[in-house]
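If you want the building blocks of each chain, they are given just below.
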Amino acid sequence: MGIQYTLELVGTTFFAVSGALAASDKSKPDWFGVSFIGFITATGGGSLRDMLLGSYPLTWVNNVNFIYAIIGGVFFASLFMTQLKKIKPYLLVFDTLGMALFTILGTEKALNFGVEPAIAAIMGMLSAVMGGVIRDVLTNEIPVIFRKEIYATASIAGAALYLYLNHLNVDRMPAILSSIFLISVIRFVAVKYNLSLPKFGRKSL
Amino acid sequence: MGIQYTLELVGTTFFAVSGALAASDKSKPDWFGVSFIGFITATGGGSLRDMLLGSYPLTWVNNVNFIYAIIGGVFFASLFMTQLKKIKPYLLVFDTLGMALFTILGTEKALNFGVEPAIAAIMGMLSAVMGGVIRDVLTNEIPVIFRKEIYATASIAGAALYLYLNHLNVDRMPAILSSIFLISVIRFVAVKYNLSLPKFGRKSL
Amino acid sequence: MGIQYTLELVGTTFFAVSGALAASDKSKPDWFGVSFIGFITATGGGSLRDMLLGSYPLTWVNNVNFIYAIIGGVFFASLFMTQLKKIKPYLLVFDTLGMALFTILGTEKALNFGVEPAIAAIMGMLSAVMGGVIRDVLTNEIPVIFRKEIYATASIAGAALYLYLNHLNVDRMPAILSSIFLISVIRFVAVKYNLSLPKFGRKSL
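The model shown is predicted, which means the values in this text are computed figures rather than measured ones. (Residues numbered from 1 in each chain as written. Chains lettered and ligands numbered in written order. Predicted model: local features only at pLDDT ≥ 70, side-chain atom pairs only at ≥ 80, totals over all residues. Heavy atoms only, no water.)

Focus on the overall build of chain A
When you go through chain A residue by residue, the secondary structure sums to 9 helices and 0 strands. Listing every helix and strand of chain A by position from the N terminus yields α-α-α-α-α-α-α-α-α. For chain A, the share of sequence-separated contacts (at least 6 apart) that also reach a separation of at least 24 residues comes to 73%. Within the structure as shown, chain A displays about 8500 Å² of accessible surface, and the carbon and sulfur contribution to it stands at 66%. Within chain A, one finds 16 positive and 11 negative side-chain charges whose respective centroids are separated by 11 Å. (Helix = DSSP H or I, 4+ residues; strand = E, 2+ residues; numbered from the N terminus. Contact = heavy atoms within 4.5 Å. Areas by Shrake-Rupley, 256 points an atom, 1.4 Å probe, with all protein chains shown as cover. Lys, Arg positive; Asp, Glu negative; His and termini not counted. Charge placed at Lys NZ, Arg CZ, Asp CG, Glu CD.)

Brief notes about the interface of chain A and chain C
Each partner contributes residues to the interface: chain A has 31 residues there, and chain C has 32 residues. Interface area for chain A against chain C, summed over the two sides, is near 2700 Å², with a carbon-plus-sulfur share of 76%. On the chain A side of the interface with chain C, the three residues burying the most area are Trp31(A), Phe32(A) and Phe36(A), jointly 22% of the side's total. At the junction of chain A with chain C, the criterion picks out 0 salt bridges. Mapped onto the side of chain A that touches chain C, the elements with two or more residues apiece are α1 (2-24), α2 (31-53), α3 (59-62), α4 (65-79), α5 (81-86) and α7 (117-138) of chain A. Counting residues per element, the side of chain A that touches chain C draws most heavily on α2(A), which supplies 9 residues. Residue composition of the side of chain A that touches chain C, by class: 22 nonpolar, 7 polar and 2 charged. (Buried area = accessible area lost by both parts, 1.4 Å probe. Salt bridge = Lys/Arg side-chain N within 4 Å of Asp/Glu carboxyl O. Nonpolar A, V, L, I, M, F, W, Y, C, P; charged D, E, K, R; others polar.)

Remarks on helix α4 (residues 65-79) of chain B
For α4(B), spanning 15 residues, the distance from its first C-alpha to its last is 21 Å, which sits close to the expected 21 Å at 1.5 Å a residue. Every buried residue of α4(B) is accounted for by Phe66(B), Ile67(B), Ala69(B), Ile70(B), Gly73(B), Val74(B), Ala77(B) and Ser78(B). In the core, the buried residues of α4(B) are packed alongside α7 of chain A together with α1 (2-24), α2 (31-53), α3 (59-62) and α5 (81-86) of chain B. (Expected span 1.5 Å × (residues − 1). Buried < 20%, exposed > 50% of the residue type's maximum accessible area, 1.4 Å probe, protein only.)

Thoughts on the relation of the copies chain A and chain C
Both copies of the chain are related by a screw-like operation: a rotation about an axis and a shift along it. Mapping chain A onto chain C calls for a screw motion: a turn of 120° about the axis and a shift of 0.0 Å along it, with 0.0 Å RMSD after fitting. Taken together, the rotation and translation describe the operation of a three-fold axis. The overlap is low: 10% of the interface residues of chain A also sit at the interface in chain C, so different surfaces are used on the two sides. (Least-squares fit on C-alpha atoms with pLDDT ≥ 70 in both.)

Description of the interface of chain A and chain B
Residue-level contacts link 32 residues of chain A with 31 residues of chain B. Roughly 2700 Å² of surface becomes buried between chain A and chain B when both sides are summed, with 76% attributable to carbon and sulfur atoms. At the boundary of chain A with chain B, the tally comes to 0 salt bridges. Inspection of the region where chain A meets chain B yields 1 residue pair in polar contact (both at pLDDT 80 or more). Sorting the residues of the side of chain A that touches chain B by element identifies α2, α7 and α8 (152-167) of chain A as the ones contributing at least two each. Top element by residues in the side of chain A that touches chain B is α7(A). It accounts for 10 residues. Looking at side-chain class alone, the side of chain A that touches chain B contains 25 nonpolar, 4 polar and 3 charged residues. (Polar contact = N/O pair within 3.5 Å; in protein donor to acceptor, adjacent residues only side chain to side chain.)

A closer look at the nonpolar core
Phe36(A), Trp60(A), Phe36(B), Trp60(B), Phe36(C) and Trp60(C) are the most contacted members of the largest nonpolar core, which has 203 residues in total. Trp60(B) has contacts with Leu52(A), Ile119(A), Ile122(A), Met123(A), Leu126(A), Phe39(B), Thr43(B), Ser47(B), Phe66(B) and Ile67(B), leaving out every residue within four places of it along the chain. (Core = buried A, V, L, I, M, F, W, Y, C linked by side-chain atoms within 4.5 Å.)

Focus on the packing of α2(B) against helix α7 (residues 117-138) of chain B
Residue and element names in this part refer to chain B. Between α2 and α7, the shortest axis-to-axis distance is 7 Å and the interhelical angle comes to 140°. By the angle between their axes, α2 is oblique relative to α7. Judged by the twist between their axes, the crossing of α2 over α7 is right-handed. Across the interface between the two elements, Phe 36, Ile 37, Ile 40, Thr 41, Gly 44, Gly 45, Gly 46, Leu 48, Arg 49, Leu 52 and Leu 53 from α2 touch Met 123, Leu 126, Ser 127, Met 130, Gly 131, Gly 132, Ile 134, Arg 135 and Leu 138 from α7. Of the residues that constitute the contact of α2 with α7, the class distribution is 11 nonpolar, 7 polar and 2 charged. (Axes fitted to C-alpha atoms, helices over the stretch in contact; angles between N-to-C directions. Parallel < 35°, antiparallel > 145°, perpendicular 65-115°, else oblique. Left-handed = near helix turned anticlockwise from the far one by under 90°.)

Some details on helix α8 (residues 152-167) of chain B
Residue and element names in this part refer to chain B. Look at α8: 22 Å from first C-alpha to last across 16 residues, which is about the 22 Å you get at 1.5 Å a residue. Among the residues of α8, Ala 152, Ala 154, Ser 155, Gly 158, Ala 159, Tyr 162, Leu 163 and Leu 165 are the ones counted as buried. Immediately downstream of α8, the backbone of Asn 169 shows phi near 65°, a positive value.

Digging into unusual backbone geometry
That bond from Tyr56(A) to Pro57(A) is cis: its omega, -5°, falls within 30 degrees of zero. As for its position among the elements, Pro57(A) is in the loop between α2 and α3. Positioned with a positive phi, Asn140(C) is a non-glycine residue whose angle comes to about 60°. Within the secondary structure layout, Asn140(C) lies in the loop between α7 (117-138) and α8 (152-167).

Considerations on the pattern of salt bridges
This model, assessed by the stated rule, comprises 15 salt bridges over all chains. Two residues, Arg49(B) and Glu8(B), come together in a salt bridge whose shortest N-O distance is 3.1 Å. Of this pair, Arg49(B) sits in helix α2 while Glu8(B) sits in helix α1, placing them 41 residues apart in sequence. Between Lys109(C) and Asp50(C) there is a salt bridge, with the nearest N and O atoms lying 3.2 Å from each other. Of this pair, Lys109(C) sits in helix α6 (residues 88-112) while Asp50(C) sits in helix α2 (residues 31-53); the two residues are 59 residues apart in sequence, bridging distant segments of the chain. According to the relative accessible area criterion, Asp50(C) is buried, its value standing at 1%.

Quick word on a nonpolar patch on the surface
A cluster of nonpolar side chains, contributed by Phe181(A), Val185(A), Val189(A), Tyr193(A) and Leu195(A), occupies part of the molecular surface with about 480 Å² of accessible area. Relative to the helices and strands, Phe181(A) is located in helix α9 (residues 172-192). (Patch = residues over 30% accessible without salt bridge, like charges linked within 9 Å, V, L, I, M, F, W, Y side chains within 5 Å.)

Structure representation (structure tokens):
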């Protein structure tokens, strides 16, 4: 539980930073609004996963350190906002690492609940993307999963790799790191080369 | 449990088709986005119902066949999209049958949980309409329940009929079929004659 | 449990009134749409709180009186809509009292679940504001927490006072009343003098 706990805390902080940065782009929100969005981004996906699985108590409800991690992330975003916004890849790094961590943790948690691998991958992906989706709905943005670059697909691919390595009895840490690596590579390559999936419709079949 | 399971699987497929068709109307979504919307439309209402009732494990979390049903529905929508869009009533049929099935299944499930009939009808209606409402929120549409034709009202009427027949000890299948029939008739008549409920406000009392 | 039950019923009615009034501002919704929004506004925050805590059965699922309270609130809004809209502070009063009641009830309920005080305050605040946030998302409004006047902050301040008085072993009723009073005063002063929190960003630190 030690590694899961640490990684979830780190992922939560990353998501709080990315949520606060995203919120601060909107028309002059106040401190509370930005913190609230940071909180929703950081807890939304994991809370949905836990409520769908019936996994009580929820991580952040049971442990106040997650709240401190979120407050820390929002403060960090505030202090370094100007610098962070200049270096755009930084934003991508926070969001991608948060997303990758939550994908693997969510998949693992769902597996431990005894669901089938396909469901576990979906749970991992929902943990990873739904915080951002809720953030986008609340701030009237087009949800992240519908924007251009491959996003949730990277999450599903990482979850699939983790499940496969798990099936081959690969040790936990190498399996986690390989999956995080895969998600990050897919995401960075997709953003750099502006890749997207084929459009839906008959011709694309 | 056999009939409930079969009907829920059929309703899920219908909702996935209608979700995918609705999503494909938006500005060129990719395959993943469309599948995601199909998934949300198909699982959203039932998941909310189960989380509100505390009915764990959730149907689709416990049984991977629901995922296959959704994938099948999205593929079907993709293959026959052009044809399906030409014949507008087809769309209405999928959505109405999905909605009618979920209304009755949701009402029944809630009754089995021991809630009062009025609550069971609300649960049936939420199962039936919330998948579509979440779909509309994510794709920035005005939620289906606020659009013109009678929609959630048809669901509530069907749930009420089912509860009444249940109260009269009518057998399960005739009760289910009558209620589905009532919902479909109300919905088709409302669409055909462009009917709507009275507007809210003093004059309409 | 008697007072908690009564207050939750009163808060639910207030929220149903404010939800129905908010919905009726939109382009001519029908009766069902307005009732649905009243219902979501009144039950959304408390349902989310209970699902996050894993507190089953949910209050309104277990007791049909909450549905009657909502129907009553929607009727009341319909009968007195013209008058209520002329006297703007009335709207503010309904919303603020509903919000204050839900803050304290939510905080108390979470405390009884054994969560830490900081989490309890967040649960109180979520109970109080999320019904309105969901209402705003469904009606395509900018969520209430991002609009100008101090809102969720008043809720958190009231929750903090309640927790402090609770910590000092102050009796329950005076603690509840003082916290409701604090929330109302902050909110009325903020609206009257158009106060808002400092904007997020480096300069505001």
